[in-house]
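Coordinate inspection notes
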Amino acid sequence: MKIQLLDLTVRDLVAGYHDDGEGGVVGYGGKLDIRPPFQREFIYKGVQREAVITSIQKGFPLNVMYWSVRADGAYEIIDGQQRTISIAQYVQSDFSVDGQYFHNLTLEEQARVLDYELMVYVCAGTHRDKLDWFRTVNIAGEKLYDQELRNAVYSGSWVSQAKRYFSKTGCPAAGLGGDYMTGSPIRQDYLETVIKWISDAGDTDIDDYMAVRQHDESAAPLWAYFRAVIDWIESSFTRKRKKFMGGVAWGILYNAHKDDDLNPAWIEAETARLILDDEVENKKGIYPYILTGDEKHLNIRAFKPGMKQKVYETQAGKCAICKKEFDIADMEADHITPWSEGGKTTEENCQMLCKKCNREKAAK
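I will try to describe carefully the structure that is included in this document. Predicted model, so just to flag it, every value in this text is computed and none were measured.

Quick notes on helix H10 (residues 206-213)
- Buried residues of H10: Ile206, Asp207, Tyr209 and Met210, and no others. The buried residues of H10 occupy an angular sector of 165 degrees when the element is viewed end-on, so they sit on one face.
- The opening residue of H10, the one whose side-chain oxygen lies 3.2 Å from the backbone nitrogen of Asp207, is Asp205.

Some points on the side chain of Glu192
- By the element assignment, Glu192 lies in helix H9 (residues 189-201).
- You can call Glu192 buried: its relative accessible area is 16%.
- Apart from residues no more than four positions distant in its own chain, Glu192 is found in contact with Asp146, Gln147, Arg150 and Ile206.

Regarding the packing of helix H7 (residues 157-166) against H9
- At a closest axis distance of 9 Å, the pairing of H7 and H9 adopts a crossing angle of 110 degrees. Put simply, H7 runs roughly perpendicular to H9. Here Trp158, Ala162 and Phe166 of H7 come into contact with H9, specifically with Tyr190, Leu191, Val194 and Ile195.
- Taken together, the residues of the contact of H7 with H9 break down into 7 nonpolar, no polar and no charged.

Some remarks on the pattern of salt bridges
- Scanning all chains against the criterion turns up 19 salt bridges.
- We note a salt bridge from Arg35 to Asp19, for which the minimum N-O separation is 3.8 Å. Here the residue Arg35 occupies a position in strand S4 (residues 32-35), and Asp19 occupies one in strand S2 (residues 18-19), the gap between them amounting to 16 residues.
- For Asp19, a relative accessible area of 36% puts it in the partly exposed group.
- Taken together, the shared-partner salt bridges connect Asp33, Arg70, Asp72 and Glu76 into one network.

Here's the deal with the packing of aromatic side chains
- The full count for this structure, using the stated rule, is 20 aromatic pairs.
- Measuring from ring centre to ring centre gives 5.8 Å for Tyr225 and Tyr254, while their planes differ by 80 degrees; the resulting arrangement is edge-to-face. Here the residue Tyr225 occupies a position in helix H11 (residues 220-236), and Tyr254 occupies one in helix H13 (residues 250-257), the gap between them amounting to 29 residues.
- With a relative accessible area of 10%, Tyr225 lands in the buried category.
- Classification of Tyr254 by relative accessible area gives buried; the value is 13%.
- Consider the rings of Phe237 and Trp250, whose centres lie 5.3 Å apart with planes at 65 degrees: the pair is edge-to-face. Taken as a pair, Phe237 in the loop between H11 and helix H12 (242-245) and Trp250 in helix H13 lie far apart in primary sequence, 13 residues in all.
- A residue is classified by how much of its surface remains accessible, and Phe237, at 4% relative accessible area, is buried.
- Here the aromatic cluster, defined as three or more aromatic residues joined through ring pairs, consists of Tyr180, Tyr225, Trp232, Phe237, Trp250, Tyr254 and Tyr287.
- Across the ring face of Tyr209, the terminal group of Arg213 is positioned such that the distance to the ring centre comes to 3.7 Å.
- A cation sits over an aromatic face here: Lys258 above Tyr254, 5.7 Å from the ring centre.

How each quantity is defined
Residues numbered from 1 in each chain as written. Predicted model: local features only at pLDDT ≥ 70, side-chain atom pairs only at ≥ 80, totals over all residues. Heavy atoms only, no water. Buried < 20%, exposed > 50% of the residue type's maximum accessible area, 1.4 Å probe, protein only. Helix = DSSP H or I, 4+ residues; strand = E, 2+ residues; numbered from the N terminus. Arc of directions from axis to C-beta. Polar contact = N/O pair within 3.5 Å; in protein donor to acceptor, adjacent residues only side chain to side chain. Contact = heavy atoms within 4.5 Å. Axes fitted to C-alpha atoms, helices over the stretch in contact; angles between N-to-C directions. Parallel < 35°, antiparallel > 145°, perpendicular 65-115°, else oblique. Nonpolar A, V, L, I, M, F, W, Y, C, P; charged D, E, K, R; others polar. Salt bridge = Lys/Arg side-chain N within 4 Å of Asp/Glu carboxyl O. Phe/Tyr/Trp six-rings, centres within 6.5 Å; stacked < 30°, edge-to-face > 60°. Lys NZ or Arg CZ within 6 Å of the ring centre and 35° of its normal.

Below is the structure:
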């Protein structure tokens, strides 16, 4: 991997600056992708951006900024996006500092701003090298999320197309399946989630999936996969419950159970029953539980410390199965009648077992 310091002034940086809203922001004579299309639209607030300009006017150093060299020879900002936009907006007199716009400054004062030397490091290397480096240096300003870093490392036609589906405010993914997702499209949460899902289906990881498709002209297969997941959810779990369904790992469940012979009527009845069961503390876990039968998803209500202590004293510190005496720290509370058979988390249904006996009982 090659990292070099770029000889750059504010004058160079703002040359050819253009902000096309969600279409992206460019500078440095059109060679710098300041904010790729459909990336988050965060900009510094008044106090933050004024501090950037004041530092430049007084000749104080700004934090280091980092760029990546793209395959086409152009650059993309990894860290320093908000500082760059603040500088460019000030030079084109979009806001004032201490009551003065850039055009109100004397020619000498303008030149002092334009000739200010920025500290910009440019990285060129393998995708893996750059991703590791960006994660290490992502320590200043508004931190980038992992998917934003991946988008920069694997920038190309595929990422641009994928963002159209998953990363724009009011994007198609939000309209189709927003009730089943969490996070924000413009922070790349939707895109990251769906790539993780489809990567799981192909038994690969998210970085490899993006690397293979970096230069594909279309992200339609990813969109088709997402639509298939949503169709499966809505045909299998027929009543939408936004409070509990948002953020479930639906794609992972789809990959494992899309070919199962499911009974939607039974699923709805079982879902309603479990939602009303006070013993079930993780209601989002109802959906994976229904498909897998694994009670760990439900986080069944645990016995409270006071209740465990009381039962321990009643048993005189002895395991209810092997009858050996143990310290309470070496014992575990157990449902005499399991939750699956209607047992409740009550004192009457609690027994203290040594860890060995509890494991053996659970294994039966």
